[in-house]
Amino acid sequence: PLIRRHTMMGFQYALINSFAEREKRTIISTSINSELYSGLFCMNTLLGEICLLADLYKTQVYQLARYLNLPDKITNKPSHDGIQGDPTDEEMLGMPFPKFDVLSYLLKERKMSVRRVSRKFGYQTETLKELKDDIDKNEATLKFPLLKLR
């Protein structure tokens, strides 16, 4: 399944890139903080010269979609890599995005210590340490083609 996923993503990546180059178009990336921090990104969302949503978390993207009155099939759609039969992103992550987004925000953006988050919000220290280590590893592995808004 992993080889199939990477093959399909590689093909999609090449196809999108080739089309944009042929048509002299700019690709706008749809990558967001939640994908970067969780490691649940696909290469297709990373290609592009502009990344307008890079500062947003998954829960904020859903809030924005509802604010813009986008159809329910978009605002209620579970996040997924698009390959039929694969688990949802939340299943792969092991927690719902609202929880992940809050924890990653506190640990990365607010730079709160694992101990402080654990004490203040009641999460197990070991679980938070593993999460922070994963976030740090994913962030170090990959950087957006950034045009961040701040």
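Please read these numbers as outputs of a predicted model, since none were measured by experiment.

Rules used in this analysis
- Here, residues in each chain are numbered from 1, in the same order as that chain's written sequence.
- Two thresholds apply to this predicted model, a pLDDT of at least 70 for residue-level local features and 80 or more for giving and counting side-chain atom pairs, whereas whole-chain, interface and lining totals are computed over all residues.
- Water and hydrogen atoms play no part in the side-chain values, which are based on all heavy atoms of the structure.
- Here a patch means residues that are over 30% exposed by relative accessible area and free of salt bridges, tied together within 9 Å if like-charged and within 5 Å if nonpolar (Val, Leu, Ile, Met, Phe, Trp, Tyr).
- Methods summary: accessible areas were calculated by the Shrake-Rupley approach with a probe of 1.4 Å, and residue burial reflects only the protein chains presented.
- By definition here, a salt bridge exists when the distance from a side-chain nitrogen of Lys or Arg to a carboxyl oxygen of Asp or Glu is within 4 Å.
- Positive charges are assigned to Lys and Arg, negative charges to Asp and Glu, while His and the chain termini are left out of the count.
- A charge is said to be at NZ when it belongs to Lys, at CZ for Arg, at CG for Asp and at CD for Glu.
- Accessibility here uses a 1.4 Å probe with only protein chains present; expressed as a share of the type maximum, an area under 20% marks a residue as buried, one over 50% as exposed, and anything in between as partly exposed.
- Secondary structure elements are taken from DSSP: a helix is a run of H or I of four residues or more, a strand is a run of E of two residues or more, and numbering for both begins at the N terminus.

J.: Honestly, a positive patch on the surface in this entry has me stumped. Any pointers?
T.: On the surface, Arg110, Arg115, Arg116, Arg119 and Lys120 cluster together to form a positively charged patch. Classification of Arg119 by relative accessible area gives exposed; the value is 59%.

J.: Any chance you could explain the pattern of salt bridges here in plain terms?
T.: Evaluation of the coordinates by the stated rule reveals four salt bridges. The salt bridge partner of Glu23 is Arg22, with a shortest N-O separation of 3.1 Å. Owing to a relative accessible area of 58%, Arg22 belongs among the exposed residues under this scheme. Close ionic contact of Asp133 with Lys129 constitutes a salt bridge, the shortest N to O distance being 3.3 Å. Of this pair, Asp133 and Lys129 both sit in helix α9 (residues 125-141), separated by four residues, roughly a single helical turn. By relative accessible area, which is 40% here, Asp133 ends up partly exposed. Residue classification places Lys129 among the partly exposed residues on the basis of a relative accessible area of 43%. Through salt bridges with shared partners, one network takes in Lys108, Lys132 and Asp136.

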